[in-house]
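# What the coordinates show
Letter by letter, the chains look like this.
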Amino acid sequence: MSVRVRYAPSPTGNQHIGGVRTALINYLFAKSKGGSFILRLEDTDRRRYSPEYVQNLYDTFKWLGFYWDEGPDIGGPVGPYVQSERFELYRKYAEDLVRMDKAYYCFCDSDRLERLRQEQIATKKDEIGYDRHCRSISKEERDRNIAEGKPHVIRLKIPLDGVTVFHDELLGNIEWKNADISPDPVLLKSDGFPTYHLANIIDDHLMEITHVMRAQEWIPSAPLHRIIYDAFGWEMPELCHLPMVLGQDGHKLSKRHGATAVNEFRKAGYLPEALINYIALLGCSYEDGRDIYSLDELVGLFKIERLNKAPAVFDYQKLEWFNGQYIRQKSDEELSVLIHPYLIEAGLRSELDTAKDQMELAAMPLVKERLKFLTDAPAIMAYLYGRLDLPPVETYLPKKADAQDAAVFLEEDTRILQEFGLDDISSVEDKFRERALEMGKKLGDLLMPLRVAITYTRVSPPLFESMKILGLGESLDRIEKSIQYLRGA
Ligand code: GLU
Ligand code: ZN
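Along each chain, numbering runs from 1 in the same order as the chain's sequence is written. The order in which chains are written sets their letters, starting at A; the order in which ligands are written sets their numbers, starting at 1. Reporting in this predicted model follows two pLDDT cut-offs: at least 70 for local features of residues, and 80 or more for side-chain atom pairs to be given and counted; totals over whole chains, interfaces and linings ignore these cut-offs and use all residues. Side-chain metrics rest on all non-hydrogen atoms present in the structure, leaving aside hydrogens and water.

### Some remarks on the environment of Tyr-93
Topologically, Tyr-93 is positioned in helix H3 (residues 87-99). According to the relative accessible area criterion, Tyr-93 is buried, its value standing at 15%. For the pair formed by Tyr-93 and Ile-202, sequence separation is 109 residues and the distance between their alpha carbons is 7.8 Å. The helix and strand labels rest on DSSP assignments: H or I over at least four residues marks a helix, E over at least two residues marks a strand, and numbering proceeds from the N terminus. A simple rule labels every residue: compare its accessible area, found with a 1.4 Å probe on the protein chains alone, to the largest value its type can have, and call it buried under 20%, exposed over 50%, or partly exposed in between.

### Here we look at the coordination of the zinc ion (ligand 2)
The protein atoms donating to the zinc ion (ligand 2) are Cys-106 (SG), Cys-108 (SG), Tyr-130 (OH) and Cys-134 (SG), with metal-donor distances spanning 2.0 to 2.3 Å. For Na, K and Ca the donor cutoff is 3.2 Å, while for all other metals N, O and S atoms must lie within 2.8 Å; water is not among the atoms, so some sites may look incomplete. Between 85 and 135 degrees for all angles marks four donors as tetrahedral; over 155 degrees for opposite donors together with 65 to 115 for all other angles marks four donors as square planar and six as octahedral; every other arrangement is irregular. In this structure, the zinc ion (ligand 2) is coordinated by four donor atoms arranged in tetrahedral fashion, with angles at the metal of 98 to 121°. Judged by relative accessible area, which is 1%, Cys-106 ranks as buried. For Cys-134, a relative accessible area of 5% corresponds to the buried category.

### Focus on the pairing of strand E5 (residues 163-168)
Alternating positions in E5 separate cleanly, Thr-164, Phe-166 and Asp-168 being buried on one face and Val-163, Val-165 and His-167 remaining unburied on the opposite face. Strand pairing requires that DSSP identify at least two bridges connecting the strands. Bridge count for E5 against strand E6 (residues 172-177) is six bridges, and the pairing is antiparallel. Across the sheet, Val-163 pairs through a bridge with Lys-177, a residue of E6. Between E5 and the antiparallel strand that follows it, E6, lie three residues.

### What to know about the site of ligand 1
One heavy atom within 4 Å of a molecule or strand makes the whole residue count as near it. In the region of ligand 1, the neighbouring residues are Arg-6, Ala-8, Ser-10, Glu-42, Tyr-196, Asn-200, Arg-214 and Trp-218. Counting of polar contacts relies on pairs of N or O atoms within 3.5 Å, with two restrictions inside protein: one atom must be capable of donating a hydrogen and the other of accepting it, and residues adjacent in sequence are counted only when both atoms are side-chain atoms. The separation between an oxygen atom of ligand 1 and a polar side-chain atom of Arg-6 is 2.7 Å. In the environment of ligand 1, an oxygen atom lies 2.9 Å from a nitrogen or oxygen atom belonging to the side chain of Arg-214. To be clear on the numbers: accessible area is Shrake-Rupley with a 1.4 Å probe, and residue cover counts the displayed protein chains and nothing else. Relative to its unbound accessible area of 290 Å², ligand 1 is 82% covered by the protein chains. Under the grouping applied here, Gly and all other residues not named as nonpolar or charged are polar, the nonpolar ones being Ala, Val, Leu, Ile, Met, Phe, Trp, Tyr, Cys and Pro and the charged ones Asp, Glu, Lys and Arg. Taken together, the residues of the shell around ligand 1 sort by class into three nonpolar, two polar and three charged.

### Observations concerning the environment of His-340
Residue placement: His-340 occurs in helix H12 (residues 332-345). The spacing of His-340 and Ser-350 is 10 residues in sequence and 9.5 Å in space, taken between C-alpha atoms.

### Some thoughts on the pairing of strand E8 (residues 211-215)
The element E8 is extensively covered by neighbouring structure, given that four of its five residues are classed as buried. Inspection of the sheet shows E8 paired to strand E9 (residues 238-242) by five bridges, in the parallel sense. Along E9, the bridge assignment pairs Arg-214 with His-241. As a crossover connection, the stretch from E8 through helix H7 (residues 222-232) into E9 is right-handed. Seen with its strands pointing away from the viewer, a crossover is right-handed when the path leading from the first strand over the helix to the second is clockwise.

### Details of helix H9 (residues 272-281)
Since the α-helix advances by 3.6 residues per turn, residues separated by three or four positions end up pointing in the same direction. Most of H9 sits inside the fold, with nine of its 10 residues counted as buried. Along H9, the residues classified as buried are Pro-272, Ala-274, Leu-275, Ile-276, Asn-277, Tyr-278, Ile-279, Ala-280 and Leu-281. For this analysis, residues touch if any pair of their heavy atoms sits within 4.5 Å. Residues of H9 that are buried sit in contact with helix H1 (17-32), helix H2 (51-64), helix H8 (262-267), helix H10 (295-301), strand E11 (312-313) and helix H11 (316-329). One or two positions beyond H9, positive phi appears at Gly-283, with a value near 70°.

### Let's talk about helix H17 (residues 443-455)
In this model, H17 (13 residues) spans 17 Å end to end at C-alpha, consistent with the 18 Å of a helix rising 1.5 Å per residue. Along H17, the largest kink reaches about 25° and is centred on Pro-449. Within H17 the residues assigned to the buried category are Leu-446, Leu-447, Met-448, Pro-449, Leu-450, Arg-451, Val-452, Ala-453, Ile-454 and Thr-455. In the core, the buried residues of H17 are packed alongside helix H14 (377-385), helix H15 (403-420), helix H16 (425-439), helix H18 (463-470) and helix H19 (472-487). Tyr-456 lies just past H17 and shows a positive phi near 70°. By this rule, a helix spans an expected 1.5 Å times one less than how many residues it contains. Throughout, bend refers to the angle between the axes fitted to the seven residues that end at a position and the seven residues that start at it.

### Comments concerning the packing of aromatic side chains
Between rings of Phe, Tyr and Trp, where Trp is taken as its six-membered ring, a pair exists when centres lie within 6.5 Å; planes separated by under 30 degrees are stacked, by over 60 edge-to-face, and by other angles tilted. Summed over all chains, the structure comprises 26 aromatic pairs. Relative to Phe-66, the ring of Phe-61 lies with its centre 5.3 Å away and its plane at 85°, an arrangement referred to as edge-to-face. With relative accessibility at 0%, the residue Phe-61 sits in the buried group. Exposure remark for Phe-66: the relative accessible area of 1% places this residue in the buried category.

In structure tokens, the structure reads:
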């Protein structure tokens, strides 16, 4: 039987690192086995549901660049892939369980349940929860209630004693006392809505899911699921509960630690490849001494045995490092396209401007090494657009020089540039070196005012390359402007 796995988010929030990691592991496992990766929307919680979250889900995975083989937006052989479109089915299966005496109608109204709860709290009973009252009502009472049209839920019969065992691919056999399972959980609510447990299991079964890989917080649901599978007489998929992702302080990763929503990372200038690569390594070891893997390489190497049992710690700095690595792997063409929206947003250029396109492309080799995030591009590149204010005079000054000295240096720089141009920048650089020697100055001192005149800062991308990109005319204009400025100081 071919492997079929699913990612089954509830659209009650934006996609976050934890969900994407679950999805990615499912994807890697499916693809490593030549199987299928399915998306199912578990949208039974209508109060917290929003269509925006569904859109965010689609956008996130399109951006990340790994996608499902079957799902609500692309269809497939076992749809619909949205639980709210499958309601009739759940009712039918829940009724089957009642007929098979594995589940029963409960007519208790909310008043009775609330009274029960208060009593349990008051008497400090160990067992908090439903008291199984309707499990033993007579058939007559039941039929009368139904005839009267009394609202009811359907509850699962949890065995009263014994244990339930399930197997986890990562954690081995896990045994739960049936007494520790919530007494007779609701499968179908009085409005006909299924609970998570019922819908999840019916869907996994009908969608022929072979492996359920999900977050470890779902372990307590697993014994209950085992009982439901057994009640139907269905085979349970293999289970694999994934280790948690923690922040550096050992608490579950949350907003307190930093960005957790994928669109925040996207806005902050992360590349999807970096995020995927880093997330794939969370709690999973591939080859020693190697960090950078493409999605295809990860597929080739993935094995459940490579997952760690211990929780993974999310390290934002490590992710930053990955981002820098992936930025440097981009070709100049790719990178200039990627930073484009950020330059527009910063007001440095408009959408269509071929001259700027060319200038930016030429600037990529100078900028690439300095980018940690795509969002760094506007600040690093702003000088190329020449829209900055001239910095304070001190910025121009080499050691032991004043504004007038700096202006003299700039005049000297102008002469050299006028004579030799910028066609061959390495020989022009030699001219500057010779000239510094003649003047009894350090090359760095001679170049400092020039660097500031051209790039507005003392620490900048390579100076001669920058001038070449700006062109001789623009470079000389900038120098002239700074000379005027320093003379007036
Ligand atoms: N809808 C559940 C969730 O939001 C799915 C859990 C599971 O994978 O079984 O995580
Ligand atoms: Zn009841």
